[in-house]
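# Report on the structure
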Amino acid sequence: MKSVELSRHERVLVNCAPIREEKIGDRAMRSAVFRARGSDQFVWQQAFDQAVAGLVQTIPVPSEVSEWFSVKDVAPIKKWSWKKTGRNPAVIAIAASVVVIAAVFAWQVVERLHEFPGAVSAKRLLATASSTKSVLLDPMSVDAGTLGDLFFMKHQLEHYDVPPEFADFRTIGARVFDDEDGRRVAQIWVVEKKMQFFLFPAERDPKTGAVSGFSGWRTVEQEGWAGVVREKDGVCFMAALHGRRKDLAPYLSKAR
Amino acid sequence: MTGETRKAQEAFHGTLRAAASGASNGQAPTNPLWFYCDARARCLELSEHGLQPEEVDFPEEELSPAAPDQLKKVDPNQLALWISSAPDPQRTALALFYLDQFDHREICELAEIRLSDLSRLLAQARRQFQAWLNATIPEQGPLI
């Protein structure tokens, strides 16, 4: 019978040696098992343990015990109600952030829908409209539609015509001035709702010089002022008033 | 651990209830061995009621190379009874060791014993079981 001299600690470890060697995860245990491997006693111990472990695996599980685990919800998890979920601070925070993100996204989409070539100039002129005093304009009481000839003859401004929708309104005054970019702008003040009309050059492509036109009427709003803009023959016309865009809608629908 | 289905079921459901109650209060167990520790404690508590195994000094015999062959003839239920009637902490040590799922450190933690105690209890149980095997399934001599 082969036997190996083991220290007391090694003997302690060898008695607890795992049934399968691949389960040894301990350096001291591995060393003790390595040393004990040469002894018959350890070989018999391993064979004994493996046989007992094999037998343990075949111990039949009583049918009633199997039933405990066949039930779907061994430990039923209480489902969260919508009410409870809604009160969860994390859910509230997520919902709030989603709403803010959605609102910002929607606002940007709406803004983008209203964008058109010349929108920046139009908004700048809305600011001009809000700060203009009637004394700055040359007084004249005529139909707005007739001022196109005046702008052409006096200022050589071609196609600076008031569209038919706004041509019949009586004017209070008019003037022509250069904006920040040195472009010629015609401004007309009319009696109707103290509206102001602006005629200014449409935006052009910086490379080709072609007019960046757009079709129909577009709206702009800024600081309590609203405007409707249309482009024709390279000139933009804007009717502006102190109010909301819906205040201008009747004039456009009337034209249609 | 209990030797009785009813007691085992009571311990099983008690552990589940404790786990569910802790989880609903946001106190999920951090110790991965918590379920085994709790179930063992409940099994031991339940085992204190009812019939108790007689305290007997089992004879011990050295391990035999023929033990695996002898074990082939043992009814698995007999082995289960033999383990469940062992006194604790030997019962816990045997049950966990032969389940072959835990290392020696985890068994010591679960059974709340030192490594030297685990070593002694396992070695003693092997010798006692070998003696029982020799008594019930005598070793076959070489065929002539």
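Everything in this summary refers to the structure shown in the same document.

Each value, and the rule that gives it
- Residues numbered from 1 in each chain as written.
- Chains lettered and ligands numbered in written order.
- Predicted model: local features only at pLDDT ≥ 70, side-chain atom pairs only at ≥ 80, totals over all residues.
- Heavy atoms only, no water.
- Helix = DSSP H or I, 4+ residues; strand = E, 2+ residues; numbered from the N terminus.
- Contact = heavy atoms within 4.5 Å.
- Areas by Shrake-Rupley, 256 points an atom, 1.4 Å probe, with all protein chains shown as cover.
- Salt bridge = Lys/Arg side-chain N within 4 Å of Asp/Glu carboxyl O.
- Buried < 20%, exposed > 50% of the residue type's maximum accessible area, 1.4 Å probe, protein only.
- Pairing = 2+ DSSP bridges.
- Patch = residues over 30% accessible without salt bridge, like charges linked within 9 Å, V, L, I, M, F, W, Y side chains within 5 Å.
- Buried area = accessible area lost by both parts, 1.4 Å probe.
- Polar contact = N/O pair within 3.5 Å; in protein donor to acceptor, adjacent residues only side chain to side chain.
- Phe/Tyr/Trp six-rings, centres within 6.5 Å; stacked < 30°, edge-to-face > 60°.
- 1 Å grid on protein atoms, 1.4 Å probe; cavity = no way out; pocket = protein on both sides within 12 Å on 5 of 7 lines; lining within 4 Å.
- Points joined across faces, edges and corners; volume = space filled by probe spheres on them.
- Nonpolar A, V, L, I, M, F, W, Y, C, P; charged D, E, K, R; others polar.

### Here we look at the overall build of chain A
- Scanning chain A from terminus to terminus reveals nine helices and seven strands.
- Taking all contacts inside chain A whose residues are at least 6 apart in sequence as the whole, residues at least 24 apart take part in 55%.
- On chain A, roughly 15800 Å² of surface is accessible, and the fraction owed to carbon and sulfur atoms is 57%.

### Looking at the pattern of salt bridges
- Scanning the model with the defined rule gives 19 salt bridges over all chains in all.
- Note that R105(B) and D26(A) form a salt bridge whose closest N and O atoms lie 2.5 Å from each other. Of the two residues, R105(B) sits in helix α6 (residues 104–111) while D26(A) sits in the loop between α1 (8–15) and α2 (27–36), which places them in two different chains.
- On the accessibility criterion, D26(A) (11% relative accessible area) is buried.
- The partner of R245(A) in a salt bridge is E221(A), with the nearest N and O atoms 3.1 Å apart. Taken as a pair, R245(A) in the loop between β7 (235–242) and α9 (249–255) and E221(A) in strand β5 (residues 218–222) lie far apart in primary sequence, 24 residues in all.
- A cluster of three or more residues bridged by salt bridges with shared partners is formed by R124(A), D179(A), E180(A), D181(A) and R183(A).

### Considerations on the pairing of strand β6 (residues 225–232) of chain A
All names here are of chain A.
- Most of β6 is tucked away, with seven of its eight residues classed as buried.
- In the sheet, β5 pairs with β6 via five bridges, with the strands oriented antiparallel. Its bridge partner lying in β6, T219 is registered against V228.
- As judged from the eight bridges shared by β6 and β7, these two strands associate in the antiparallel manner.

### So, the sheet that holds β5(A)
All names here are of chain A.
- A sheet is described by the order of its strands in space; here seven strands give the open sequence β1-β2-β3-β4-β7-β6-β5, paired in antiparallel fashion. Each edge of the open sheet carries a strand with a single partner, namely β1 (138–139) and β5.
- With four bridges joining them, strand β3 (residues 184–190) and strand β4 (residues 196–201) adopt antiparallel strand pairing. In the strand pairing of β4, W189 is matched with Q196.

### Some thoughts on a nonpolar patch on the surface
- Residues F105(A), V109(A) and L113(A) make up a contiguous nonpolar surface patch of about 330 Å² in total accessible area.
- In this structure, F105(A) sits in helix α6 (residues 89–114).

### Observations regarding the interface of chain A and chain B
- With 34 residues of chain A at the interface, the matching set in chain B holds 35 residues.
- Buried surface at the junction of chain A and chain B, summed over both partners, amounts to about 3000 Å²; 71% is from carbon and sulfur atoms.
- For chain A, the biggest contributors to the area lost against chain B are F48(A), L55(A) and W68(A); these three give 23% of the whole.
- The interface formed by chain A and chain B contains seven residue pairs in polar contact (both at pLDDT 80 or more).
- Breaking the side of chain A that touches chain B down by element, the ones donating at least two residues are α1, α3 (40–57) and α4 (63–70) of chain A.

### Concerning the packing of aromatic side chains
Residues and elements named next belong to chain B.
- Counting across every chain of the model gives 15 aromatic pairs over all chains.
- Ring geometry for F129 and W132: centres 5.3 Å apart, planes at 20°, overall stacked. Placement of the pair is F129 and W132 together in helix α7 (residues 115–136), with a separation of three residues, close to one helical turn.
- For F129, a relative accessible area of 3% corresponds to the buried category.
- According to the relative accessible area criterion, W132 is partly exposed, its value standing at 22%.

### A few points about the pairing of strand β2 (residues 171–178) of chain A
All names here are of chain A.
- As defined by bridge partners, β1 adjoins β2 across two bridges and the pair is classed as antiparallel. Paired with P139 across the two strands is G173, which belongs to β2.
- Bridge count between β2 and β3: seven bridges; the pairing is antiparallel. Of the residues in β3, the one forming a bridge with F177 is V185.
- Counting the residues that bridge the hairpin from β2 to β3 gives five residues, and of these G182 lies at a positive phi of roughly 80°.

### Digging into empty space enclosed by the protein
- Inspection of the entire model under this criterion finds three cavities of 30 Å³ or more.
- Forming the boundary of the largest cavity are C16(A), A17(A), P18(A), I19(A), K23(A), F97(B), D100(B), F102(B), D103(B), H104(B) and I107(B).
- Taken together, the residues that form the lining of the largest cavity break down as seven nonpolar, one polar and three charged.
- Estimated volume of the second largest cavity: approximately 70 Å³.
- Counting residues per element, the ones that place at least two in the lining of the second largest cavity are α3 of chain A together with α4 (76–84), α5 (90–99) and α7 of chain B.
- Of the residues that constitute the lining of the second largest cavity, the class distribution is nine nonpolar, no polar and one charged.

### Digging into the environment of L113(A)
Residue and element names in this part refer to chain A.
- Looking at the secondary structure, you find L113 in helix α6.
- A relative accessible area of 63% places L113 in the exposed class.
- It is 9.8 Å that separates the C-alpha atoms of L113 and R218, two residues lying 105 residues apart in sequence.

### Overview of the environment of T2(B)
All names here are of chain B.
- Tracing the chain through its elements places T2 in the segment before α1 (5–24).
- Taking C-alpha positions, T2 is 7.5 Å from L44, a pair spaced 42 residues apart along the chain.
- If sequence neighbours within four positions are ignored, T2 has contacts with K7, A8, C43 and S47.

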